[in-house]
Amino acid sequence: MLTKHREDFQKCIIDWYLLNGRDLPWRRTNNPYHIWICEIILQQTRVDQGLPYYFRFIERFPDIYALSEASEEEVLNYWQGLGYYSRARNILYAARQIVKDYHGKIPANYNDLLKIKGIGKYTAGAVASMAYNLPHPAIDGNVFRVLSRLFNDYTPIDEARSYRYFEQLVLKIFDENRPSLFNQSIIELGALLCLPRNPNCKACPVNKFCIAFKNSSQHLLPVKKQRIHVRNRYFYYFVIHDHDQIILRKRQNEDIWKMMYDFPLIEFDYQLKNPVEELKTAPWPAPLLLHYPSNITLVKHVLTHQVLHICFVRLYIEQLKPLVPESHIIVQIKNLYKYPMPKVIVDFLKKEFDFGR
Ligand code: SF4
């Protein structure tokens, strides 16, 4: 039914999109730089949350050259709060790569796009179709869900072969003459009507083609194979400060928040029952607890694959300088806004200090 009537299907979904699609800024442009930035920001991020970041980012880095000349610290600062910070580092690396290898022009070719750091099949398809109107599908989480349901297909969407499989599926209904409109229509259908829970099938413009709707199996789809393994981590942060200065360190390791700033940290793989007492025998800076009074704040911070149980141990100490090892720095509290930091740290600092971010 669906593949037999592909032109009818394309007309229904595109007509619906043209009337009902949200008026988002990147849809009014075919500027590949803008489309690329927005696609990266919107990975793992809701539109309403990503929109202000997009505007701020484009205003500060209006083109690929402006971005390529920025420092990693500044780009991370503009990304602060969005999470998944490897996206920001990749974007900067990619901008420099595009300036060096492609004369500052984002390639108008799907295979070349895939050679750019941080650009996978979905982003390559989105940029190729939306900026250059090239006939490539762009399958994001929304599209996986819509396709599973339209075809009533129980193939898992989270395996290595899933993209290739669903790419073949979407090509059966793909509108090669209007790739940009088609991709945006199916993405929007997933975002507005074909929702993960309670899809609004009655209002769906393509319900007459949808096999899951016909079989009442929408709620069983899509299928995911892997259960996400969540790791619990226990962070003991030492927030050491005097009247107007505080100790920070730059995270260098291959771990979350790489190249961002946090506090001296001791990590355990279990929760301490009495942190102040139990930490006293841990390495620097924990022995400071023997000499200075402390305040404790507990925060739980949930990431996709990790739950961070954070204990902020706040210590006021008059003389910071003799305490600081080379791996750490002392900064003015009023200048903290200059340092890219994870949101959970910024939230803590906002509550505890006055630093005007
Ligand atoms: Fe999704 Fe329902 Fe439309 Fe099928 S009919 S595509 S399940 S919203």
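Owing to the predicted nature of the structure, the values given are computational and were not obtained by experimental measurement.

### Some points on the packing of helix 3 (residues 47-60) against helix 5 (residues 72-79)
Thinking step 1. With their axes 9 Å apart at the nearest point, helix 3 and helix 5 run at an angle of 150° to one another. With respect to helix 5, the axis of helix 3 lies roughly antiparallel. Contacts between helix 3 and helix 5 involve Tyr53, Arg56, Phe57 and Arg60 on the former and, on the latter, Glu74, Val75, Asn77, Tyr78 and Trp79.
Thinking step 2. For the contact of helix 3 with helix 5, the per-class residue count stands at five nonpolar, one polar and three charged.

### What about the pattern of salt bridges?
Thinking step 1. One pass over the structure, following the stated rule, counts 23 salt bridges.
Thinking step 2. In this structure, Asp262 engages Arg249 in a salt bridge whose closest nitrogen and oxygen atoms are separated by 2.7 Å. Taken together, the residues span a long stretch of sequence, with Asp262 in strand 3 (residues 261-262) and Arg249 in strand 2 (residues 245-250) at a distance of 13 residues. The exposure classification of Asp262 matches that of Arg249, with both residues buried.
Thinking step 3. Arg251 serves as the salt-bridge partner of Asp255, at 3.3 Å between the closest nitrogen and oxygen.
Thinking step 4. In the salt-bridge network here, residues are joined through shared partners; they are Arg233, Arg249, Arg251, Asp255, Asp262 and Glu267.

### Some words on the nonpolar core
Thinking step 1. If you look at the biggest cluster of nonpolar residues, it comprises 100 residues, and the most contacted ones within it are Tyr33, Trp36, Ile37, Leu67 and Phe263.
Thinking step 2. Dropping the residues within four chain positions of it, Phe263 is found in contact with Tyr237, Phe238, Val239, Ile246, Ile247, Leu248, Arg249, Phe312, Ile345, Phe348 and Leu349.

### Here's the deal with the site of the ligand
Thinking step 1. Close to the ligand lie Arg149, Leu150, Cys194, Cys201, Cys204, Asn207, Cys210, Phe213 and Gln218, which account for all nearby residues.
Thinking step 2. Here the shell around the ligand is built from residues that sort into six nonpolar, two polar and one charged.

### Overview of unusual backbone geometry
Thinking step 1. Looking along the chain, the bond that leaves Leu221 and enters Pro222 is cis, with omega of 0°.
Thinking step 2. Summarising the element assignment, Pro222 is placed in the loop between helix 12 (211-215) and strand 1 (231-241).
Thinking step 3. Residue Trp284 is joined to Pro285 through a cis peptide bond whose omega torsion reads 5°.
Thinking step 4. If you check the backbone angles, Asn133 has positive phi at about 55° while not being a glycine.
Thinking step 5. Along the chain, Asn133 falls in the loop between helix 8 (121-132) and helix 9 (141-150).

### Some words on helix 5
Count 3.6 residues to each turn of an α-helix, and residues three or four apart come out pointing the same way.
Thinking step 1. Turning to helix 5, its buried residues are Val75, Leu76, Asn77 and Trp79.
Thinking step 2. Check the buried side of helix 5 and you find it contacts helix 2 (32-42), helix 3, helix 4 (64-68) and helix 6 (86-102).
Thinking step 3. Immediately beyond the C-terminal end of helix 5, within one or two residues, lies Gly81, with a positive phi of roughly 105°.

### Remarks on helix 14 (residues 343-352)
Thinking step 1. Within helix 14, the full set of buried residues consists of Val344, Ile345, Val346, Phe348 and Leu349.
Thinking step 2. On the buried face of helix 14, the contacting elements are strand 1, strand 2, strand 3, strand 5 (294-302) and strand 6 (306-316).

### Description of the packing of aromatic side chains
Thinking step 1. One pass over the full model with this rule turns up 22 aromatic pairs.
Thinking step 2. Where Tyr165 meets Phe166, the ring centres are 5.3 Å apart and the plane angle is 80°; that geometry is what we call edge-to-face.
Thinking step 3. Residue Tyr165 is classed as partly exposed on the basis of its relative accessible area, which comes to 30%.
Thinking step 4. Assessed through its relative accessible area of 0%, Phe166 is described here as buried.

### Brief notes about the pairing of strand 5
Each regular strand displays side chains that alternate between the two surfaces of the sheet.
Thinking step 1. The pairing of strand 5 with strand 6 spans nine bridges and is antiparallel. Residue pairing for strand 6: Ser294 is matched across the bridge by Leu315.
Thinking step 2. Taking the residues that link successive antiparallel strands as the turn, the strand 5-strand 6 hairpin has three residues.

### Here's the deal with the pairing of strand 4 (residues 265-268)
Thinking step 1. What you see with strand 4 is a clean split: Ile266 and Phe268 sit on the buried side and Leu265 and Glu267 on the side with no burial.
Thinking step 2. As defined by bridge partners, strand 1 adjoins strand 4 across four bridges and the pair is classed as antiparallel. Bridge pairing links Tyr234 to Phe268 in strand 4.

Here is what the cut-offs are and how they apply
Position numbers for residues start from 1 in each chain and track the written sequence from start to end. In keeping with the predicted nature of the model, local features appear solely for residues at pLDDT of at least 70, side-chain atom pairs appear and are counted solely at 80 or more, and the whole-chain, interface and lining totals rest on all residues. Computation of side-chain values: all heavy atoms of the structure, hydrogens and water removed. Under this scheme, a helix contributes an axis fitted over its contacting stretch, all axes are lines through C-alpha atoms, and angles between N-to-C directions fall in the 0 to 180 degree range. Numbering goes from the N terminus for both helices and strands, where a helix is a DSSP run of H or I of at least four residues and a strand is a run of E of at least two. In what follows, roughly perpendicular refers to angles from 65 to 115 degrees, roughly parallel to angles under 35, roughly antiparallel to angles over 145, and oblique to any angle outside these ranges. Every residue pair with non-hydrogen atoms within 4.5 Å of one another is taken to be in contact. Polar here means any residue outside two lists: the nonpolar Ala, Val, Leu, Ile, Met, Phe, Trp, Tyr, Cys and Pro, and the charged Asp, Glu, Lys and Arg; Gly therefore counts as polar. A pairing counts as a salt bridge when a side-chain nitrogen of Lys or Arg comes within 4 Å of a carboxyl oxygen of Asp or Glu. Note on classification: 1.4 Å probe, protein chains only; a residue is buried when its accessible area is under 20% of the maximum for its type, exposed when over 50%, partly exposed between these limits. The definition of a nonpolar core used throughout is a set of buried Ala, Val, Leu, Ile, Met, Phe, Trp, Tyr and Cys residues joined through side-chain atoms within 4.5 Å. Whether a residue is near a molecule or strand depends on its heavy atoms: if one lies within 4 Å, it is near. Aromatic contacts are taken between Phe, Tyr and Trp rings whose centres are within 6.5 Å, Trp giving its six-membered ring; a plane angle under 30 degrees counts as stacked, one over 60 as edge-to-face, and the others as tilted. Pairs of strands are assigned from DSSP output, requiring at least two bridges between the strands.

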